[in-house]
Amino acid sequence: MNKTEFLEKIRSGLGGIPQKDIDERLAFYSEMIDDRIEDGIAEEEAVAQTGSADEIIAQIVSDYPLNKLVKEKIRPERRLRAWEIALIVLGFPLWLPLLITGFAVVFSVYVCILAVIVSLWAVFVSLAAGSLAAFAAAVIFFIRGFTLQALALLGAGLFLAGFSVLFFIICRAATKGIFRLSGRAVFALKSRFIRKEASK
Amino acid sequence: MDIQLKRGLLDVCVLAAIRNGESYGYKIIKDLKPCIELSESTLYTILKRLESSGALTVRTAEHEGRLRKYYRITESGINRLDEFRNEWKEIISIYNFVCGEDENE
């Protein structure tokens, strides 16, 4: 791939990001490639050393703040006509509830996911508390002379303790997984705002 | 390595690369190579961050019939390097404490 193709490939993967920012990025990569060539490296090799276009696109998108992407997306490409503005204003009883509903849905999905995590941890806490209580009860029963009952409680305590350790591992994995997943969801959301131009 | 720590270290590395006079992107990457491998995209993000925090200034100049951006360290960038030096003394003494313990066994 030569320099022009490389820069064009990056540009076509970044539709939706303001032109000014793209130009600045491309100028940076272009300067790098030119400096490599000046250093005696062949053009194709200089491009290859700069990195893969797809990786660069992915990194730019993940660096780019989501709110700026949205702003860029909803900015109309031309000035709105009077009747379009009138329509938007008149239609607000319709789109406002829809917008609120949209936000509410996203919010409730988040709350549900958090609720799952919270309840998992709650189960862990109750298991741990249960095992402690069983140990304490076992000691009391033993002191009072109910050896058999104390042994039974000791067994129950051990069982609960083991179970709570297992549950701790599950909870931690689930929490980590959810956080990683939500990071990926944000990336996917950002990608929605990037227009992929038809590759030539 | 911890992301926050790594980010701070990369910032300081780039500042150190322009400490003795202004430099440009490719030269920074080349100068840093013995110490750390930096990709273009990473460097771009670091330079942007340092520029917006006022640690360096950028100027565009012509070179061989094309434009090249030159980065110059500012007073606040130099302060940042000094801060790093002082902080690092602390970290080294912590390191010696932590790792010295193992050798004494």
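Residues numbered from 1 in each chain as written. Chains lettered and ligands numbered in written order. Predicted model: local features only at pLDDT ≥ 70, side-chain atom pairs only at ≥ 80, totals over all residues.

Caption draft 1: Up close: the overall build of chain A. From N to C terminus, chain A includes eight helices and zero strands. Traced from its N-terminal end to its C-terminal end, chain A shows the element sequence α-α-α-α-α-α-α-α. For chain A, long-range pairs separated by at least 24 residues make up 71% of all intrachain contacts whose partners lie at least 6 apart in sequence. (Helix = DSSP H or I, 4+ residues; strand = E, 2+ residues; numbered from the N terminus. Contact = placed C-beta atoms within 7 Å.)

Caption draft 2: Representation of the sheet that holds strand 3 (residues 66–73) of chain B within the structure. Residues and elements named next belong to chain B. The three strands are arranged 1-3-2 in an open sheet whose pairing can be described as antiparallel. Only two strands of the sheet have a single partner each, and these edge strands are strand 1 (23–24) and strand 2 (56–63). With eight bridges joining them, strand 2 and strand 3 adopt antiparallel strand pairing. By the bridge assignment for strand 3, E62 is matched with L67. (Pairing = 2+ DSSP bridges.)

Caption draft 3: Structural detail: the interface of chain A and chain B. Taken residue by residue, the interface counts 14 residues in chain A and eleven residues in chain B. Those elements giving two or more residues to the side of chain A that touches chain B turn out to be helix 2 (19–38) and helix 4 (53–63) of chain A. Sort the elements by how many residues they give to the side of chain A that touches chain B and helix 2 of chain A lands first, with nine residues. Residues belonging to the side of chain A that touches chain B are distributed by class as follows: four nonpolar, three polar and seven charged. (Nonpolar A, V, L, I, M, F, W, Y, C, P; charged D, E, K, R; others polar.)

Caption draft 4: Structural detail: the environment of L66(A). Within the secondary structure, L66(A) is located in helix 5 (residues 66–74). Here the alpha-carbon distance between L66(A) and F187(A), two residues 121 residues apart in the chain, equals 9.0 Å.

Caption draft 5: Up close: helix 3 (residues 43–50) of chain A. Buried residues of helix 3 of chain A: A46(A), V47(A) and T50(A), and no others. Viewed end-on, helix 3 of chain A has its buried residues packed into an arc of 100°, placing them on one side of the element. Residues of helix 3 of chain A that are exposed and angled more than 90 degrees away from the buried face: E44(A) and E45(A). Tucked inside the fold, the buried residues of helix 3 of chain A contact helix 1 (3–12) and helix 2 of chain A together with helix 3 (40–52) of chain B. (Buried ≥ 20, exposed ≤ 12 C-beta atoms within 10 Å, placed from the backbone. Arc of directions from axis to C-beta.)

Caption draft 6: Structural view of the pairing of strand 3 of chain B. All names here are of chain B. Taken together, the two bridges between strand 1 and strand 3 define a ladder with antiparallel strand orientation. The partner of S23 across the bridge, within strand 3, is Y71. Following strand 2, the chain reverses through two residues before pairing antiparallel with strand 3; E64 in that reversal takes a positive phi of roughly 50°.

Caption draft 7: Spotlight on the nonpolar core. By size, the foremost hydrophobic cluster in this structure holds 30 residues, and its most contacted members are L15(B) and I18(B). Secondary-structure elements contributing two or more residues to this core are helix 1, helix 2, helix 3 and helix 4 of chain A together with helix 1 (3–17), helix 2 (25–32), helix 3 and strand 3 of chain B. Discounting chain neighbours no more than four positions away, the residues touching L15(B) are L50(B), A55(B), I73(B), G77(B), R80(B) and L81(B). By size, the runner-up hydrophobic cluster in this structure holds six residues, among which are L127(A), A134(A), L153(A) and L160(A). (Core = buried A, V, L, I, M, F, W, Y, C linked by C-beta atoms within 7 Å.)

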